[in-house]
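Here is what each chain is made of, one letter per residue.
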Amino acid sequence: MAPKSRELQPQLSNALDQLVDVWFPRVVDYEHGGYRCDFNHRWRGLGPDNKLLEYQARTLRFAARAAHRYPDLQSAAELGFRFLADIMWDADQGGWYRMVDRRGTPLEGSIKHAHGMAYAVSACICYYKLTGSDESLQLAQRGFDWLEKHAHDSEHGGYYSYFRRDGALISSSAASGNARPPLDPLGNPVGFKESNTTVDLLETFAEFYAVAPSVEVLNRLEELLRIVLDHVIAEPGATHLAFSPSWQPVPHLNEYAHSLQTARTVIEASASFPGGALEDAARAAGKNIVDNMLRVAWDHSRGGFNQAGWAFGPCQIEGVSVYVREKVFWCQAEGMRALSLLARILPDQGYEDWAKRLWHYIDKYVVDRRRGGWNQKGSDSPGYDRRAAKASVWKDPGHEGSALLVALEPGCAGIPVGRTTPGRHE
């Protein structure tokens, strides 16, 4: 949060200690490499531990970021990086597999997806910042190059997401072989672009440029930032999810968690263009989104952010209210990151107080005080299940861990102003 206030520091530090303790070394797969993911509400193993690229990369990224504070995590980060580099990277055709089994055999017909690759490149960068490993920086570059060759749209800009093993774009549901046509494995419409991957790539390219500046990365960073500002973000402070190839938005609910993530990402990424119109536009757009989320997504009774709805809040259709009142853990984590960031750059506009209110909600309703970790949803959510898994292929420690790191030390897990030195605490 803002440097001027340290009253919550002991609570936040203790929460981070507990989070690290419950995840590590429990999830480290010493037998096969990488990280295990299937744990029930009691933190007991319950499944096959298939290894999704997002889970592996985000867990590695958190371990590398947190190792600046907890040096014992460096070995966990090293093991995660080796699995990402040696097993999940396709040595024959490049790119990372989207999913492998616990031993590393590719699943799903060896398909690849740019969403997971965004996190994999980011994880390599974070590992480089921790260790100074040239291998990790070179792997990040290879991942970037694969995306450039296979995923980048030279006509309309931005990136496609869904590919066969050889990098051929899967552009129709008939060609996908997916069990959920017309959606890809992430739930996105096949053949369309989407902001989830776009915003994650924007964050990754900003991280990449901070440690290894190049014209090609800067050009893609600026391209994505302008796409997000011009097409993803809309008035009154909302975000679109799916788009035609030429960036025409497809109607969809406003997913408030994605909006909060987009808000802080555009602000962080704009630090690569300091003092200019692009940074000003990004800061204004990010602030506008957060302000709108505080109006339409915030629960003014108990606190916390609801999950989705209209850009103006609940929508009434034939007497039915369309509004998702679930308070999913990662929505609260992204809210903490966005509010902590705004509290740092706009210290006199009340965002620090909002961040404190959100932390009090998280501490009361989301943190599992008995068994450790964060629940899938706040316990005041209509769909709360006290037996929901503590970890799964889509539930890693990345969101909440990064939120706590940012709240404690804003430069540690966010994009700093200026470039970083490998192997040093940011």
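Just so you know, these numbers come straight off a predicted model, no measurement behind them.

Draft legend 1. Structural context of the overall build of the protein. Within the protein, the regular secondary structure consists of 14 helices and 13 strands. Whereas a compact globule of 426 residues would reach a radius of gyration of roughly 22 Å, the protein reaches 20 Å, a difference of no more than 12%. Oriented by its inertia axes, the alpha-carbon framework of the protein measures out at about 55 × 45 × 45 Å. In the protein, which comprises 426 residues, the proportion classed as buried is 61%. Counting contacts in the protein only where the partners sit at least 6 residues apart, residues at least 24 apart contribute 66% of the total.

Draft legend 2. Seen up close, empty space enclosed by the protein. This structure, assessed with the given rule, holds 6 cavities of 30 Å³ or more. What lines the largest cavity is a set of 13 residues, among which S161, Y162, P189, G191 and F192 lie closest to the centre. The residue inventory of the lining of the largest cavity, partitioned by class, reads 7 nonpolar, 4 polar and 2 charged.

Draft legend 3. Up close: the packing of helix α7 (residues 195–211) against helix α9 (residues 256–269). Following both chains from N to C, one finds α7 and α9 inclined at 30°, their axes separated by 9 Å at the closest point. Classed by the angle they form, the pair α7 and α9 counts as roughly parallel. The two elements α7 and α9 cross, and the hand of that crossing is left-handed. Of the residues in α9, those in contact with N196, V199, D200, L202, E203 and A206 of α7 are H258, Q261, T262, R264, T265, V266, E268 and A269. Its residues assigned to classes, the contact of α7 with α9 shows 5 nonpolar, 5 polar and 4 charged.

Draft legend 4. A look at the pattern of salt bridges. This model, assessed by the stated rule, comprises 29 salt bridges. Notably, a salt bridge pairs D29 with R102, separated by 2.8 Å at the nearest N-O pair. Of this pair, D29 sits in the loop between α1 (9–23) and β1 (51–52) while R102 sits in the loop between β2 (99–100) and β3 (112–113), and the two are 73 residues apart along the sequence. Here D29 falls in the buried class, since its relative accessible area comes to 1%. The closest approach of N and O atoms between E268 and R337, which form a salt bridge, is 3.8 Å. Of this pair, E268 sits in helix α9 while R337 sits in helix α11 (residues 329–345), placing them 69 residues apart in sequence.

Draft legend 5. Representation of the nonpolar core in the model. Counting residues in hydrophobic clusters, the biggest one holds 129 residues, and the most contacted among them are F24, W96, F305, W359 and W374. A total of 13 residues in this core trace back to one element, the largest contributor, which is helix α4 (residues 114–131).

Draft legend 6. Main features of the sheet that holds strand β9 (residues 249–250). Here 3 strands make up an open sheet; going across it, the order is β5-β8-β9 and the pairing antiparallel. The sheet terminates laterally at β5 (193–194) and β9, the two strands that pair on one side only. In this structure, strand β8 (residues 242–243) lies alongside β9, joined through 2 bridges in antiparallel fashion. Counterpart to A242 in the pairing with β9 is V250.

Draft legend 7. Representation of unusual backbone geometry within the structure. A cis amide bond, omega 5°, links F24 with the succeeding residue P25. Examined against the element boundaries, P25 turns out to sit in the loop between α1 and β1. The linkage connecting E235 with the following residue, P236, adopts the cis geometry, with an omega of 10°. Here P236 is to be found in the loop between β6 (233–234) and β7 (238–239). Its identity as a non-glycine residue notwithstanding, W43 has a phi of 65°, on the positive side. Residue classification places W43 among the buried positions, given a relative accessible area of 6%. The residue E108 is not glycine, and still its phi comes out positive at about 60°. By the secondary structure assignment, E108 is in the loop between β2 and β3.

Draft legend 8. Structural view of the packing of aromatic side chains. With the rule as written, the count across this model stands at 15 aromatic pairs. Taking NZ or CZ as reference, K51 lies 4.5 Å from the ring centre of F83, over its face. Residue placement shows R357 over the ring face of W354; its charged tip is 4.2 Å from the ring centre.

Draft legend 9. Up close: helix α5 (residues 134–150). End to end, α5 covers 24 Å across 17 residues, agreeing with the expected 24 Å (1.5 Å per residue, within 8%). Listed as buried for α5 are S136, L137, L139, A140, G143, F144, W146, L147 and H150.

Draft legend 10. The layout of surface pockets, seen in detail. In this structure, the largest pocket occupies an estimated 650 Å³ of space. Taken together, 23 residues make up the lining of the largest pocket; nearest its centre are L186, N196, H258, W330 and W394. Mapped by element, the contributors of at least two residues to the lining of the largest pocket are α4, α7, α9 and α11. Counted by class, the lining of the largest pocket contains 7 nonpolar, 10 polar and 6 charged residues.

Quick notes on the rules
Residues numbered from 1 in each chain as written. Predicted model: local features only at pLDDT ≥ 70, side-chain atom pairs only at ≥ 80, totals over all residues. Heavy atoms only, no water. Helix = DSSP H or I, 4+ residues; strand = E, 2+ residues; numbered from the N terminus. Rg over C-alpha atoms; globule rule 2.2 N^0.38 Å. Buried < 20%, exposed > 50% of the residue type's maximum accessible area, 1.4 Å probe, protein only. Contact = heavy atoms within 4.5 Å. 1 Å grid on protein atoms, 1.4 Å probe; cavity = no way out; pocket = protein on both sides within 12 Å on 5 of 7 lines; lining within 4 Å. Points joined across faces, edges and corners; volume = space filled by probe spheres on them. Nonpolar A, V, L, I, M, F, W, Y, C, P; charged D, E, K, R; others polar. Axes fitted to C-alpha atoms, helices over the stretch in contact; angles between N-to-C directions. Parallel < 35°, antiparallel > 145°, perpendicular 65-115°, else oblique. Left-handed = near helix turned anticlockwise from the far one by under 90°. Salt bridge = Lys/Arg side-chain N within 4 Å of Asp/Glu carboxyl O. Core = buried A, V, L, I, M, F, W, Y, C linked by side-chain atoms within 4.5 Å. Pairing = 2+ DSSP bridges. Phe/Tyr/Trp six-rings, centres within 6.5 Å; stacked < 30°, edge-to-face > 60°. Lys NZ or Arg CZ within 6 Å of the ring centre and 35° of its normal. Expected span 1.5 Å × (residues − 1).

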